[in-house]
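Examination of the molecular architecture
Residues per chain are reported as follows:
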Amino acid sequence: MDFKLSEEHLMIQQAARDFAQTELLPGVIERDEKQEFPAEQVKKMGELGFMGMMVSPEYGGSGMDTVSYVLVMEELSKIDASASVIVSVNNSLVCWGLETFGTEEQKQKYLPRLASGEIIGAFCLSEPEAGSDATSQKTTAIDKGDHYLLNGTKNWITNGGSADVYLVIAQTYPEKGHKGINALIVEKGMDGFEIGPKEQKMGIRGSDTHSLMFTDVKVPKENRIGEDGFGFKFAMKTLSGGRIGIAAQALGIASGAYEMSKKYSKERKAFGKEIYKHQAIAFKLADMHTKIEAARHLVMKAAWDKDNGGNYDLSSAMAKLYASEVAMETAVEAVQVHGGNGYVKEYHVERLMRDAKITQIYEGTSEIQKIVISRSILQD
């Protein structure tokens, strides 16, 4: 087993680290306070190839592997989880879903602009009464011959106000249950498509999260992804890849909190010596580092499984479950290490703590990940 990163991986990791320090760190506190979408930073991430990392060069993407994507997500998330979740949704939910299951016409139409960051995408599954349960869709897409008539509401949609392309999961044949669900490409500006107010969130405040309302929206048949009734399978396969991105985001939040705590512990003095020399702080740092390394191995294993064509449903769920727990635990401990300073914005860790919580919720709560894991290990 070789745990070393390739030269290419190291270069990509360093590029993401440099970008995070020079482009994301300045203004990150202000963007959080104002809930300001990082439009300029997203444009620059597109220029660097971060918005379409795994998209084939044939469609304007970087053609990188999932390990590269995880490395970039971790580095961005250390500094600005709002920026990284925009990258995550665009890459692992929208671009990957379109390239893997879309028609050639759909790929040619949307992927080059999505991969370049000219436009961004959103993945629309959650509903007021359905959450991440794709089998309980209330949004309907009624077959009208040459188009579908889309009606319903989606909520908690990341990139909801800034996206131009939306992948919407909707029920066409209720009597067929999950086999009657479709995935449709909806464009901003279609008649009857309305974007609700921006959610006032505790964390990842720079990303825009909205509810979306569809009232008799006419979606052309050529905008359906896959065969009729393929929507449920599309959502499940896409979410498995999405979990890897969110696991990497959680890993980055934990790593950022740990690195800030380690640095602070060598600068801050108490009782006549740097606080890292006190066993109480040293042990906290030891626990943080150990858990982060364990999470990193799970995340990398999930990325490796995906890159090598294996079934990554189990490994991605385990990575997302554990990394999100480590993110929350580490961020809380980071605030504790910083003491009173950890409670104020200028030291960043209070923001990381707020950002960490969402990693336990989106792409399926911890309980949903445990359902996925238990089904996988008990099916034999």
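Structure's up top.
Residue positions are given per chain, counted from 1 along the sequence in the order it is written. Selection of residues for local features in this predicted model requires a pLDDT of at least 70, selection of side-chain atom pairs for listing and counting requires 80 or more, and totals for whole chains, interfaces and linings are taken over all residues. As a rule here, side-chain values come from all non-hydrogen atoms in the structure, and water together with hydrogens is ignored.

Section: unusual backbone geometry
- Within the chain, Phe 271 stands out as a residue other than glycine whose phi angle is a positive 55°.
- Tracing the chain through its elements places Phe 271 in the loop between strand S9 (269-270) and strand S10 (273-274).
- Since its relative accessible area comes to 81%, Phe 271 is described here as exposed.
- Phi is positive for His 348, which is not a glycine, with a value near 75°.
- Partly exposed residues are those whose accessible area sits between 20% and 50% of the maximum for their type, while under 20% is buried and over 50% is exposed, using a 1.4 Å probe and protein chains only. On the basis of relative accessibility, which here comes to 15%, the residue His 348 falls in the buried class. Starting at the N terminus, helices and strands are each numbered in turn, a helix being any DSSP run of H or I of at least four residues and a strand any DSSP run of E of at least two.

Notes on helix H11 (residues 366-378)
- A rise of 1.5 Å per residue sets the reference length of H11, with its 13 residues, at 18 Å; its end C-alpha atoms lie 18 Å apart and thus fit the reference within 8%.
- Where H11 is buried, its residues touch helix H7 (231-267) and helix H9 (313-338). Expected helix span is given by 1.5 Å per residue-to-residue step, counting one fewer step than there are residues. Note on contacts: a residue pair is in contact if any heavy atoms of the two residues lie within 4.5 Å.

Brief notes about the side chain of Asp 80
- With respect to the secondary-structure elements, Asp 80 resides in the loop between helix H4 (66-79) and helix H5 (81-101).
- Polar contact is the term for a pair of N or O atoms within 3.5 Å; when the atoms are in protein, one must be able to donate a hydrogen and the other to accept it, and sequence-neighboring residues count only if both atoms are side-chain atoms. Here Arg 31 takes part through its side chain, which lies 2.9 Å from a polar atom of the side chain of Asp 80.
- For Asp 80, the contacting residues outside a window of four places in its chain are Leu 24, Val 28, Arg 31 and Arg 351.

Remarks on the pairing of strand S5 (residues 181-187)
- Taken across its seven residues, S5 has six buried, putting it largely inside the fold.
- Bridging between S5 and strand S8 (residues 224-225) involves two bridges; their strand directions are antiparallel. Residue pairing in the sheet places Leu 184 in a bridge with Arg 224 of S8. Criterion used throughout: strands pair if DSSP finds at least two bridges between them.

Section: the packing of aromatic side chains
- The criterion for an aromatic pair is that two Phe, Tyr or Trp rings (for Trp, the six-membered ring) have centres within 6.5 Å, with stacked assigned to planes under 30 degrees apart, edge-to-face to planes over 60 apart and tilted to the rest. In the structure shown here, the tally under the stated rule is eight aromatic pairs.
- Ring geometry for Tyr 166 against Phe 193: centres 4.9 Å apart, planes inclined by 85°, an arrangement best described as edge-to-face. Linking Tyr 166 in strand S4 (residues 165-171) with Phe 193 in strand S6 (residues 193-198), this pair joins segments that are 27 residues apart in sequence. The same class applies to Tyr 166 as to Phe 193, namely buried.
- Feature note: the residues Trp 96, Phe 101, Phe 123, Phe 230 and Phe 234 constitute an aromatic cluster, connected by ring pairs.
- The cationic tip of Lys 237 hangs over the ring face of Tyr 312; the distance from NZ or CZ to the ring centre is 5.0 Å. Consider the ring centre and the ring normal. A charge sits over the ring if Lys NZ or Arg CZ is within 6 Å of that centre and within 35 degrees of that normal.

Re the state of the cysteines
- Disulfide: a pair of cysteine sulfur atoms within 2.5 Å of each other. This model, assessed by the stated rule, comprises zero disulfides.
- Just so you know, Cys 95 is unpaired, no disulfide at all, and the nearest cysteine sulfur is the one on Cys 124, 14 Å from it.
- For Cys 95, a relative accessible area of 1% corresponds to the buried category.

Observations concerning the packing of H4 against H5
- In this description, a line fitted to the C-alpha atoms serves as the axis of each element, helices being fitted only across the stretch in contact, and the angle between N-to-C directions of two axes falls anywhere from 0 to 180 degrees. Running from N to C, H4 and H5 point in directions that differ by 155°, and their axes come no closer than 7 Å. Viewed along their axes, H4 and H5 adopt a mutual orientation that is roughly antiparallel. Between H4, through Tyr 69, Met 73, Leu 76, Ser 77 and Ile 79, and H5, the contact on the second element is made entirely by Ala 81, Ser 84, Val 87, Ser 88, Asn 91 and Ser 92.
- In terms of residue class, the contact of H4 with H5 is built from six nonpolar, five polar and no charged. Should an angle fall under 35 degrees it is called roughly parallel, over 145 degrees roughly antiparallel, and 65 to 115 degrees roughly perpendicular, with every other angle called oblique. We call Asp, Glu, Lys and Arg charged. Ala, Val, Leu, Ile, Met, Phe, Trp, Tyr, Cys and Pro are nonpolar, and the rest, Gly among them, are polar.

These figures come from the coordinates and say nothing about function on their own.
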